[in-house]
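As a plain string of letters, each chain reads:
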Amino acid sequence: MENGRNNSPLAGGDGVTILAIESSCDDTAAAVCRDGRILSNVIANQKVHEKFGGVVPELASRAHMQNIVPVVDTALKTAGCELSSIDAIAFTQAPGLIGSLLVGAQFAKSMALSLDKPLIAVHHMQAHVLANLIAGEKPSFPFLCLTVSGGHTQIVLCESPAKMKVIGETIDDAAGEAFDKSAKLLGLPYPGGPLVDKYAATGDPKRFQFPEPKIDGLNFSFSGLKTSILYFLKNAGTSNVFKEAFAASEETRQQFIDDNLADICASIQNRIISILLNKLKKAAKEYNINQICIAGGVSANTGLRKALKETGEKMGWQTFIPAFEYCTDNAAMIAITAYYKYLEKDFSNLDISPSPRAVWK
Ligand code: KG4
Ligand code: ZN
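Because the structure is predicted, anything quoted here is derived from the model rather than measured. (Residues numbered from 1 in each chain as written. Chains lettered and ligands numbered in written order. Predicted model: local features only at pLDDT ≥ 70, side-chain atom pairs only at ≥ 80, totals over all residues. Heavy atoms only, no water.)

Participant: Describe the packing of aromatic side chains, with residues and values.
Facilitator: The description of an aromatic ring pair rests on the distance of the ring centres and on the angle between the ring planes. By the definition in use, this model includes eight aromatic pairs. Consider the rings of Phe210 and Phe232, whose centres lie 5.2 Å apart with planes at 80°: the pair is edge-to-face. Residue Phe210 is found in the loop between helix 5 (193-200) and helix 6 (223-234), and its partner Phe232 is found in helix 6; the two are separated by 22 residues along the sequence. Take Phe210: its relative accessible area is 4%, and that puts it in the buried class. With a relative accessible area of 21%, Phe232 lands in the partly exposed category. (Phe/Tyr/Trp six-rings, centres within 6.5 Å; stacked < 30°, edge-to-face > 60°. Helix = DSSP H or I, 4+ residues; strand = E, 2+ residues; numbered from the N terminus. Buried < 20%, exposed > 50% of the residue type's maximum accessible area, 1.4 Å probe, protein only.)

Right, dumping it as structure tokens:
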């Protein structure tokens with residue numbers, strides 16, 4: 001269990017204190033914030049999925065049930081909070097795996113009922129965007145946010161914490177899936193995104209060329225990239241012009257991957273980043289906005305962070321990137337979103353149900 005933030009001198013004093021729970025996928029997380037300041041941010045990652053090469057929903061919900069009490073307990077203790085000082089309970093209501101969402105939702109509802117405190121339902125993708133308001137220099141409204149996670153790739157126009165509009169999104173795979181599926185083709189374990197990032201650091205991003213899809217408007221597509229990587233690896237190590245007929249043997253292919261892993265990862269990463277940033281440039285121009293943020297698990301990618309800074313300098317943008325701990329799934333982002341909802345008295349009834357699909361546009 002990772003246990004972020006330290007005890008705050010604010011703990012125990014006046015102010016709006018919110019306990020937030022995130023359980024949409026395979027991380028069980030809880031955080032406490034007071035007046036929009038994060039006092040604790042605790043995550044239990046589920047290792048149980050590694051050997052299956054992806055998240056197994058049934059195992060995820062079981063692991064959430066085992067983790068949720070110790071995670072919430074640690075979040076409260078780290079924040080120096082008694083249950084009696086909590087003003088509201090927040091939870092991720094959508095989107096995600098239904099069995100996983102249910103565990104967090106039921107726990108949050110039970111706490112809200114027993115403590116007689118308001119319940120705040122939070123949309124996971126809105127929370128990823130608002131992770132940019134947690135710490136450090138904050139963007140001013142309106143801003144654009146490129147939200148790139150394992151399930152989503154969106155460009156979001158944010159006019160206030162509550163007023164957001166998706167102006168572009170993927171029509172097939174998400175950016176995180178593009179990383180993870182590429183990694184799988186290279187024989188790397190799940191989730192492969194961070195490993196591609198690691199190997200890319202020492203590779204030549206121009207060595208191999210993968211195509212950039214031609215998609216209209218501000219939407220994205222990553223499925224063609226996956227196919228081109230598949231064929232590239234199928235023929236890996238062969239130089240014959242009749243590549244289909246002389247496709248590489250398993251041994252030749254593996255040798256080629258082993259010898260060129262850093263360059264392959266750097267080239268794949270380079271293409272994913274260029275697809276993302278070209279659309280972001282288009283959106284910034286179309287909406288005439290120079291406050292640009294990124295969010296979501298893929299915003300932890302070193303290459304993307306660096307490329308965003310460089311592009312921002314060229315384009316005259318002010319760029320914002322959440323700290324690593326607030327990029328991948330976490331409950332601090334749920335807490336900050338809930339804080340803004342609390343200020344608007346945007347509370348939910350106890351009969352609210354979690355939803356696996358995003359009902360937020
Ligand atoms: O936001 P997130 O933690 O969970 C979802 O809501 O999906 O995003 C997880 C995704 C995974 O696809 C993971 O491989 C990717 O983020 N990811 C990365 C990096 N760290 C996490 N992808 C590329 N480079 C990274 N450093
Ligand atoms: Zn996420």
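Participant: Please set out the coordination of the zinc ion (ligand 2) residue by residue, giving values where relevant.
Facilitator: The protein atoms that coordinate the zinc ion (ligand 2) are His124 (NE2), His128 (NE2) and Asp329 (OD), at distances of 2.0 to 2.1 Å. For the zinc ion (ligand 2), the single-chain donor residues occur in sequence as H-x3-H-x200-D. Of this pair, His124 sits in helix 3 (residues 124-130) while Asp329 sits in the loop between strand 11 (318-320) and helix 9 (332-343), and the two are 205 residues apart along the sequence. Judged by relative accessible area, His124 falls into the buried class, the value being 6%. (Donors = N, O, S within 2.8 Å, 3.2 Å for Na, K, Ca; no water.)

Participant: Please give an account of the site of ligand 1 that cites residues and values.
Facilitator: Taken together, 19 residues sit near ligand 1, with Gly150, Asp180, Asp197, Gly297 and Asp329 positioned nearest. With respect to ligand 1, the backbone of Gly150 contributes an N or O atom lying 2.8 Å from an oxygen atom. A distance of 3.0 Å is found between a nitrogen atom of ligand 1 and a side-chain nitrogen or oxygen belonging to Asn301. Starting from 550 Å² of accessible surface for ligand 1 in isolation, the protein chains cover 88%. Elements represented by at least two residues in the shell around ligand 1 include exactly helix 3, helix 4 (175-185) and helix 5. Partitioned by chemical class, the residues of the shell around ligand 1 number five nonpolar, 11 polar and three charged. Here the shell around ligand 1 gathers at least three residues from each of two domains, domain 1 (2-130 + 326-343) and domain 2 (138-322). (Near = heavy atom within 4 Å. Polar contact = N/O pair within 3.5 Å; in protein donor to acceptor, adjacent residues only side chain to side chain. Areas by Shrake-Rupley, 256 points an atom, 1.4 Å probe, with all protein chains shown as cover. Nonpolar A, V, L, I, M, F, W, Y, C, P; charged D, E, K, R; others polar. Domains from an automatic or database assignment.)

Participant: Please set out helix 1 (residues 57-79) residue by residue, giving values where relevant.
Facilitator: In this model helix 1 runs 31 Å from its N-terminal to its C-terminal C-alpha over 23 residues, within 8% of the 33 Å that 1.5 Å per residue would give. For helix 1, the set of buried residues is Ala60, Ser61, Ala63, His64, Asn67, Ile68, Val71, Val72, Ala75, Leu76, Thr78 and Ala79. Downstream of helix 1 by one or two residues, Gly80 has phi in the positive range, about 70°. (Expected span 1.5 Å × (residues − 1).)

Participant: So what's going on with the domain arrangement of the chain? Residues and values would help.
Facilitator: Partitioning the chain into structural domains gives domain 1 (2-130 + 326-343) and domain 2 (138-322). Inter-centroid distance (C-alpha atoms) of domain 1 to domain 2 is 29 Å. Between domain 1 and domain 2, the residue contacts involve 14 residues of the former and 20 residues of the latter. Taken together, both faces of the contact between domain 1 and domain 2 bury some 1300 Å²; the carbon and sulfur share is 76%. Summed over the three residues of domain 1 that lose the most area to domain 2, namely Met125, Val129 and Cys327, the buried surface amounts to 44% of that side. One can count zero salt bridges joining domain 1 with domain 2. Across the contact surface, domain 1 and domain 2 share two residue pairs in polar contact (both at pLDDT 80 or more). The biggest single contributor to the side of domain 1 that touches domain 2 is helix 3, with five residues. Across the side of domain 1 that touches domain 2, the residue classes break down as eight nonpolar, five polar and one charged. (Contact = heavy atoms within 4.5 Å. Buried area = accessible area lost by both parts, 1.4 Å probe. Salt bridge = Lys/Arg side-chain N within 4 Å of Asp/Glu carboxyl O.)

Participant: Describe the pattern of salt bridges, naming the residues involved and giving the relevant values.
Facilitator: Counted under the stated rule, the structure contains 11 salt bridges. Residue Asp263 pairs with Arg207 through a salt bridge whose shortest N-O separation is 2.6 Å. Taken as a pair, Asp263 in helix 7 (residues 250-287) and Arg207 in the loop between helix 5 and helix 6 lie far apart in primary sequence, 56 residues in all. Here the residues in one salt-bridge network are Asp173, Glu177, Lys181 and Lys226, joined through shared partners.

Participant: Quick one: what's the story with the environment of Ala131, residue by residue and with numbers?
Facilitator: Mapped onto the fold, Ala131 is located in the loop between helix 3 and strand 7 (143-148). Given the relative accessible area of 3%, Ala131 is considered buried. Along the chain, Ala131 and Thr337 lie 206 residues apart, while their C-alpha atoms are 8.2 Å from each other. What Ala131 contacts, discounting residues up to four positions off in sequence, is Pro322, Tyr326 and Met333.

Participant: Run through unusual backbone geometry, naming residues and quoting values.
Facilitator: Residue Pro95 is reached from Ala94 by a cis peptide bond, and omega for that bond is -15°. Along the chain, Pro95 falls in the loop between strand 5 (88-94) and helix 2 (98-115). Omega for the bond connecting Phe141 with Pro142 falls within 30 degrees of zero, at -5°, which places this linkage in the cis form. In this fold, Pro142 is placed in the loop between helix 3 and strand 7. Non-glycine residue Asn288 carries a positive phi angle of around 50°. With relative accessibility at 71%, the residue Asn288 sits in the exposed group. Notably, Lys345 is not glycine yet its phi reads approximately 55°, a positive angle. Counting through the fold element by element, Lys345 comes out in the segment after helix 9. A residue is classified by how much of its surface remains accessible, and Lys345, at 60% relative accessible area, is exposed.

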